[in-house]
Amino acid sequence: MKRALSILVFCLLCLLCLAQETEQLKLSLGDAIAMARVRSVDAAVALDELRSAYWEWRTFRADQLPEVSLKATLPGYSKQYSSYMDSQGDYSFVKTNVLQATGQLSVTQNIRLTGGKIALNSSLDFMRQFDNNTGNRFMSIPVALTLTQPVFGVNTMKWDSRIEPVRYSEAKAAFISATEDVARTTVDYYFTLIMSRENVEIARQNLSNAERLYAVAKAKREMGQISNNDLLQMELNLLDARSELTDCQSTLKSDMFRLRTFLDIEDDVEIVPEVPQAVPAVEIHYADALDRALANNKFAKNIMRRKLEADYEVAKAKGDMRQINLFVQLGYTGADDNMGDAYRRLRANQVAEVGIAVPLLDWGKRRGRVKVAESKRRVAESQLRRETLDFNQQLFILVERFSDQQSQLDIATRADEIARRRYDTNVETYLIGKISTLDLNDSRQSKDAGRRQYINELYKYWSYWYQIRSLTLYDYEHKNDINADIEKLVKGAI
């Protein structure tokens, strides 16, 4: 009984392992793309880059808002000797034994219009000396308004307000383009696996036919109906078919491993891709595609950002030629032994400073920096013009190829059907001795080439389709822009 039970358990385990090894996952192209957009490493990288750009944008927006800060020392105690110079210029060491506490509350606001900074401060200082019994001392600044303003320097905040929105818009467009690039990569892996499976099926069918034809050839040779050379040729075809099947099976395993890894699917799952039977029947014109690409694609925003950055470098170099900084502080201050009186007995507290830095002789260094910045801007403008021409050319060629691909796919579909029917007919004709081995081999090769060409043309269609989507960020099938809820995506990734 124990032995029978052991055998039963062993059989069940074998069946379980077999079931795990043969687990299949039928996957359409749309399902594979949807899975890749969520689970692939490329999609995760794109989302991380978007999240980084989002927080850079949030930081820029925060710089436009008032900042409230508190600084305090609670408390600070000092008991030490320090050097002291009296009114006669003589130095001596004096002992200090003091307890201090300070606190300051400030509200700071950057001024976008002028590039300066304005701050509203309120502070209270406390001091107590222990050795000379002077008691407590308080100094208050109930309110102080401070303005810091560069006069001729570049207004960094103004330039950031022009550049950063474009940068963030570029990052959002780059993320959407990246998701379409993920789809295009999925198309590559998906159709590579389809082609590998087709090659295996072709190799198996060829091997089956080669075995049957070789058996018939041996029978015919025994009856003297064919030559020994023809029999050897059929045996050679059989050996080639076996070798081809082994190679195709090895390639299939490699291609399936790549797609499984890309989609983050378990290793014990066999992916069964479905050959897409329908394709979007749309007509795309270059002028329309170019308009949508210039409006949506990250490239157009990248061009705009780089132009602004080049202009900013020129303005910065010109602003550095001379520097004048203005510092003004207006407010009230009070000091007393009692904290309440320190707020009642107030006196004016005013500070005004104008700092100037103008080079008298720098041998043209600053002017040279301006010329360098202007030269770099001209170089950038030339590069941008060349990149724009290349982008337009790439889009034009892509649209033209996509427009021709529908007819190429129709031709390949018909050629595949004809080649399969011709091969099936030739096999039956060969069995009754009406055609030669060479004609049969030719029809087989045409049949295999026709099937592979059909898969390849189908792959080209979907590859062009997602390349156009990536460049235009427009869905021509549903006639709407490709968008994403950026806030939801970023918050969901935190």
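Every chain is numbered on its own, with residues counted from 1 as its sequence reads. Selection of residues for local features in this predicted model requires a pLDDT of at least 70, selection of side-chain atom pairs for listing and counting requires 80 or more, and totals for whole chains, interfaces and linings are taken over all residues. Calculation of side-chain values draws on the structure's entire complement of heavy atoms; hydrogens and water are dropped beforehand.

**Brief notes about the packing of aromatic side chains**
We apply this condition: In summary, the pairing rule links any two rings of Phe, Tyr or Trp, Trp by its six-membered ring, whose centres are within 6.5 Å, and it sorts them by plane angle into stacked for under 30 degrees, edge-to-face for over 60 and tilted for everything else. Numbering of helices and strands runs from the N terminus, with a helix taken as a DSSP run of H or I at least four residues long and a strand as a DSSP run of E at least two residues long. Each residue gets one of three labels from its accessible area relative to the maximum for its type: buried under 20%, exposed over 50%, partly exposed in between, using a 1.4 Å probe on protein chains only.
Under the definition given, this model contains 16 aromatic pairs. Measuring from centroid to centroid gives 6.5 Å for Tyr-54 and Tyr-168, while their planes differ by 50°, and the two rings are tilted. Placement of Tyr-54 in helix 3 (residues 41–63) and of Tyr-168 in helix 4 (residues 156–222) is noted, with a sequence separation of 114 residues between them. Neither Tyr-54 nor Tyr-168 differs from the other in exposure class; each is buried. Ring centres of Phe-402 and Trp-465 lie 6.0 Å apart, and the angle between their planes is 35°; this geometry places the pair in the tilted category. One end of the pair, Phe-402, is in helix 9 (residues 365–431); the other, Trp-465, is in helix 10 (residues 437–472), with 63 residues separating them in the sequence. A relative accessible area of 3% places Trp-465 in the buried class. Following the ring pairs from residue to residue traces out a cluster consisting of Tyr-54, Trp-55, Trp-57, Phe-60 and Tyr-168.

**Focus: the packing of helix 2 (residues 29–39) against helix 4**
The axes of two packed helices give the description: the angle between them and the distance between them. Basically, it comes down to this: Fitted lines through C-alpha atoms give the axes, limited to the stretch in contact for helices. The angle between two N-to-C directions lies from 0 to 180 degrees. What sets the label is the angle itself: under 35 degrees gives roughly parallel, over 145 gives roughly antiparallel, 65 to 115 gives roughly perpendicular, and the rest give oblique. When the near helix sits turned anticlockwise from the far one by under a right angle, the crossing is termed left-handed; a clockwise turn instead gives a right-handed crossing. What makes two residues a contact is simply this: any of their non-hydrogen atoms within 4.5 Å. Think of it as three bins: nonpolar holds Ala, Val, Leu, Ile, Met, Phe, Trp, Tyr, Cys and Pro, charged holds Asp, Glu, Lys and Arg, and polar takes everything else, Gly as well.
Relative to each other, helix 2 and helix 4 sit at 130°, their axes nearing to 9 Å. Judged by the angle between their axes, helix 2 and helix 4 are oblique. Crossing geometry of helix 2 relative to helix 4 is assigned as right-handed. Counted together, Leu-29, Ala-32, Ile-33, Ala-36 and Arg-37 of helix 2 and Thr-179, Glu-180, Val-182, Ala-183, Thr-186, Val-187, Tyr-190 and Phe-191 of helix 4 form the full contact between these two elements. Across the contact of helix 2 with helix 4, the residue classes tally to 9 nonpolar, 2 polar and 2 charged.

**Some points on a nonpolar patch on the surface**
What counts here: Like-charged residues are merged into a patch within 9 Å and nonpolar side chains (Val, Leu, Ile, Met, Phe, Trp, Tyr) within 5 Å, provided each residue has over 30% relative accessible area and no salt bridge. Here the accessible surface of atoms and residues is derived via Shrake-Rupley with a 1.4 Å probe, and residues count as covered only by protein chains that are part of the display. Whenever Lys or Arg places a side-chain nitrogen within 4 Å of a carboxyl oxygen from Asp or Glu, that contact is recorded as a salt bridge.
There is a patch of nonpolar side chains on the surface, built from Val-68, Leu-70, Leu-105, Val-107, Leu-120, Val-143, Leu-145, Leu-330, Tyr-332 and Leu-346 and spanning about 890 Å² of accessible area. One can find Leu-346 in strand 8 (residues 346–357).

**Some points on the packing of helix 7 (residues 298–319) against helix 9**
Close contact between helix 7 and helix 9 brings their axes to 8 Å; oriented N to C, the two are set at 170°. Taken together, the axis directions place helix 7 and helix 9 in an arrangement best described as roughly antiparallel. Of the residues in helix 9, those touching helix 7 at Phe-299, Ile-303, Arg-306, Lys-307, Ala-310, Asp-311, Glu-313, Val-314, Ala-317 and Lys-318 are Arg-369, Val-370, Ala-373, Glu-374, Arg-377, Gln-383, Leu-384, Glu-387, Thr-388 and Phe-391. Among the residues forming the contact of helix 7 with helix 9, the class breakdown is 9 nonpolar, 2 polar and 9 charged.

**What to know about the nonpolar core**
Put simply, the rule reads: The definition of a nonpolar core used throughout is a set of buried Ala, Val, Leu, Ile, Met, Phe, Trp, Tyr and Cys residues joined through side-chain atoms within 4.5 Å.
The biggest cluster of nonpolar side chains holds 68 residues, and the ones touching the most others in it are Phe-191, Leu-263 and Trp-462. Put simply, the parts of the chain that give this core at least two residues each are helix 2, helix 4, helix 5 (228–263), helix 6 (286–296), helix 7, helix 9 and helix 10. In terms of residues, this core owes the most to one element, helix 4, which gives 15 residues. Not counting residues within four places of it along the chain, the set of residues in contact with Phe-191 comprises Leu-29, Pro-276, Ile-455, Leu-458, Tyr-459 and Trp-462. Judged by nonpolar contacts, the second largest core, of 14 residues, contains Trp-57, Tyr-168, Ile-176 and Ile-482.

**Examining the pairing of strand 5 (residues 135–150)**
So the rule is basically this: Here the rule is simple: two strands pair whenever DSSP picks up at least two bridges between them.
Bridging between strand 4 (residues 117–129) and strand 5 involves 12 bridges; their strand directions are antiparallel. Across the sheet, the residue bridging to Leu-120 is Leu-145, located in strand 5. Pairing of strand 5 with strand 7 (residues 323–336), which is carried by 10 bridges, proceeds in the antiparallel orientation. Pairing of Met-139 across the sheet is with Ala-335, part of strand 7.

**Looking at the side chain of Asn-302**
Inclusion rule: By the criterion applied in these results, polar contacts are pairs of N or O atoms within 3.5 Å in which, for protein atoms, one can donate a hydrogen and the other can accept it, and in which residues neighboring in sequence qualify only through two side-chain atoms.
Inspection of the secondary structure puts Asn-302 in helix 7. Assessed through its relative accessible area of 16%, Asn-302 is described here as buried. A polar side-chain atom of Asn-302 sits 2.9 Å from a polar atom in the side chain of Arg-306.

**Structural notes on the pattern of salt bridges**
Counting across every chain of the model gives 23 salt bridges. Residue Arg-451 is joined to Glu-198 by a salt bridge in which the shortest nitrogen-to-oxygen separation is 3.1 Å. Highlighted residues: Arg-451 in helix 10 and Glu-198 in helix 4, separated in sequence by 253 residues. Residue classification places Glu-198 among the buried residues on the basis of a relative accessible area of 16%. The salt bridge partner of Glu-387 is Arg-306, with a shortest N-O separation of 2.8 Å.

**Section: helix 9**
Under the convention used in this document: Helix span, expected: 1.5 Å multiplied by one less than the number of residues in the helix.
Its 67 residues place the ends of helix 9 92 Å apart at the C-alpha level, agreeing with the 99 Å of an ideal helix rising 1.5 Å per residue. Following helix 9 by one or two positions, Gly-433 adopts a phi angle in the positive range, close to 80°.

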